[in-house]
Amino acid sequence: PWRDLLTSRPILLMFLYFICASAANAGIVHFSVPALGQMYGIPVVGAAVALTAYQLSSLACVLPGGFLADWTKRHDLVMVGCLLVAATMIALIGFDLVPFWLVIGVIGVGGAMRGLVNAARDVSVRHSAGGHSVGTVFAFVSSGFLFGGALTLPVYGYLLDLGSPQIVFWTSAVFSIGSVTTVILHNRAKRAEA
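Every value quoted in this text rests on a predicted model; they were computed, and no experiment measured them.

K.L.:
Run through the side chain of Ser-22, naming residues and quoting values.
P.N.:
Checked against the element boundaries, Ser-22 lands in helix H2 (residues 9-40). Its relative accessible area of 9% is what places Ser-22 among the buried residues. Those residues in contact with Ser-22 that sit more than four places away from it in its chain are Gly-144, Phe-145, Gly-148 and Gly-149.

Following this line, the structure appears as structure tokens:
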């Protein structure tokens, strides 16, 4: 029943995780190209190389993330570690301290961590389901992706219009830290239920 979904702390925390993760990713996918263009004075084609590195690295690490999720029982630690590295890499870009050629590698590492975390995230959702239908729980929590993007894309656009493109990267990093917080709280909620 919906009432059970909306009163289960682990499920609600996974829903919040999806919102934060989507919000962090949306900033990079939709706004990193214009932000990098403003920061480094480079054309769109050049800035798109960094976004391509982010996306390809994420894609390349999804399957290794599956092997990692099979290998470990501490999926929360995998998620926290990957998200902290991703947040650090994205925040580093926002400090505007590295040349653009290095940004490509840094954002690539951030993307790789995003791909690596996916399987551990999905296993955590499955464990959160408990006695509920796994499909229903997945549908509910993954709708957080839609909320995260819908709610934060205007915010990123506004921040970019303020003339400080670095804030795009810092905001994305903050949302990644929000994801870490939900993972930690989710783990505590699961232990409390056990």
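Read on for the rest.
K.L.:
How would you summarise the packing of helix H7 (residues 118-129) against helix H8 (residues 134-161) if you had to cite specific residues and measurements?
P.N.:
Where H7 contacts H8, the two axes come as close as 9 Å, and the packing angle between them is 130°. Taken together, the axes of H7 and H8 are oblique relative to one another. As H7 runs across H8, the sense of the crossing is right-handed. In this structure, H7 contributes Arg-121, Asp-122, Val-125, Arg-126 and Ala-129 to the contact, and H8 contributes Val-134, Val-137, Phe-138, Val-141 and Phe-145. Residues that form the contact of H7 with H8 fall into these classes: seven nonpolar, no polar and three charged.

K.L.:
Could you give an account of the side chain of His-186, with specific residues and numbers?
P.N.:
By secondary structure assignment, the location of His-186 is in helix H9 (residues 166-193). Since its relative accessible area comes to 8%, His-186 is described here as buried. Here His-186 is in contact with Pro-10, Leu-13, Met-14, Ser-124 and Ser-128, once residues within four sequence places are set aside.

K.L.:
Tell me what's going on with the nonpolar core, and back it up with residues and numbers.
P.N.:
In this structure, Tyr-17, Val-137 and Val-141 are the most contacted members of the largest nonpolar core, which totals 27 residues. Within the residue set of this core, elements represented by two or more residues are H2, helix H5 (75-94), helix H6 (100-116), H7, H8 and H9. Here this core gets seven residues from one element, more than from any other, and that element is H2. In this view, Val-137 contacts Leu-5, Ile-11, Val-125, Ala-129 and His-132; residues no more than four positions away in its chain are not counted. Within the second largest apolar cluster, 23 residues are counted, among which are Phe-31, Val-33, Met-89 and Val-103.

K.L.:
Tell me about the pattern of salt bridges, and please be specific about residues and values.
P.N.:
In total, this model carries two salt bridges according to the counting rule given. Its salt-bridge partner being Asp-76, residue Arg-74 comes within 2.8 Å of it at the nearest N-O pair. Relative accessible area serves as the criterion here: at 12%, Asp-76 is assigned to the buried category. Two residues, Arg-121 and Asp-122, come together in a salt bridge whose shortest N-O distance is 3.0 Å. You can call Asp-122 partly exposed: its relative accessible area is 28%.

K.L.:
Go over the environment of Val-106 with me, naming the residues and quoting the values.
P.N.:
Inspection of the secondary structure puts Val-106 in helix H6. Take Val-106: its relative accessible area is 9%, and that puts it in the buried class. C-alpha separation for the pair Val-106 and Ala-50, spaced 56 residues apart in sequence, amounts to 9.0 Å. Those residues in contact with Val-106 that lie beyond four places of it in its chain are Met-89, Leu-92 and Ile-93.

K.L.:
An account of the packing of H8 against H9 is needed here, citing residue identities and associated values.
P.N.:
As a packed pair, H8 and H9 sit with axes 9 Å apart at the nearest point and diverge in direction by 145°. Residues Thr-152, Tyr-156, Leu-159 and Leu-160 of H8 form the contact with H9, whose participating residues are Ile-167, Val-168, Thr-171, Ser-172 and Phe-175.

What counts, and where the lines are drawn
- Numbering of residues starts from 1 in every chain and runs along the sequence as written.
- In view of the model being predicted, local features appear only for residues whose pLDDT reaches at least 70, and side-chain atom pairs are presented and counted only at 80 or more, with totals across whole chains, interfaces and linings using the full set of residues.
- By convention in this description, side-chain values take in all heavy atoms of the structure and omit both hydrogens and water.
- Starting at the N terminus, helices and strands are each numbered in turn, a helix being any DSSP run of H or I of at least four residues and a strand any DSSP run of E of at least two.
- Each residue is placed in one exposure class: buried if its accessible area under a 1.4 Å probe, protein chains only, is under 20% of its type's maximum, exposed if it is over 50%, and partly exposed if it falls in between.
- What makes two residues a contact is simply this: any of their non-hydrogen atoms within 4.5 Å.
- All axes here are fitted lines through C-alpha atoms, helices being fitted over the stretch that makes contact, and every angle between N-to-C directions spans 0 to 180 degrees.
- When an angle is under 35 degrees it counts as roughly parallel; over 145 it counts as roughly antiparallel; between 65 and 115 it counts as roughly perpendicular; any other value is oblique.
- With the far helix as reference, a near helix turned anticlockwise by less than a right angle produces a left-handed crossing, and one turned clockwise produces a right-handed crossing.
- Gly is placed with the polar residues, together with every amino acid not listed as nonpolar (Ala, Val, Leu, Ile, Met, Phe, Trp, Tyr, Cys and Pro) or charged (Asp, Glu, Lys and Arg).
- Put simply, buried Ala, Val, Leu, Ile, Met, Phe, Trp, Tyr and Cys residues joined by side-chain atoms within 4.5 Å make one nonpolar core.
- Put simply, a salt bridge is a Lys or Arg side-chain nitrogen that is within 4 Å of an Asp or Glu carboxyl oxygen.

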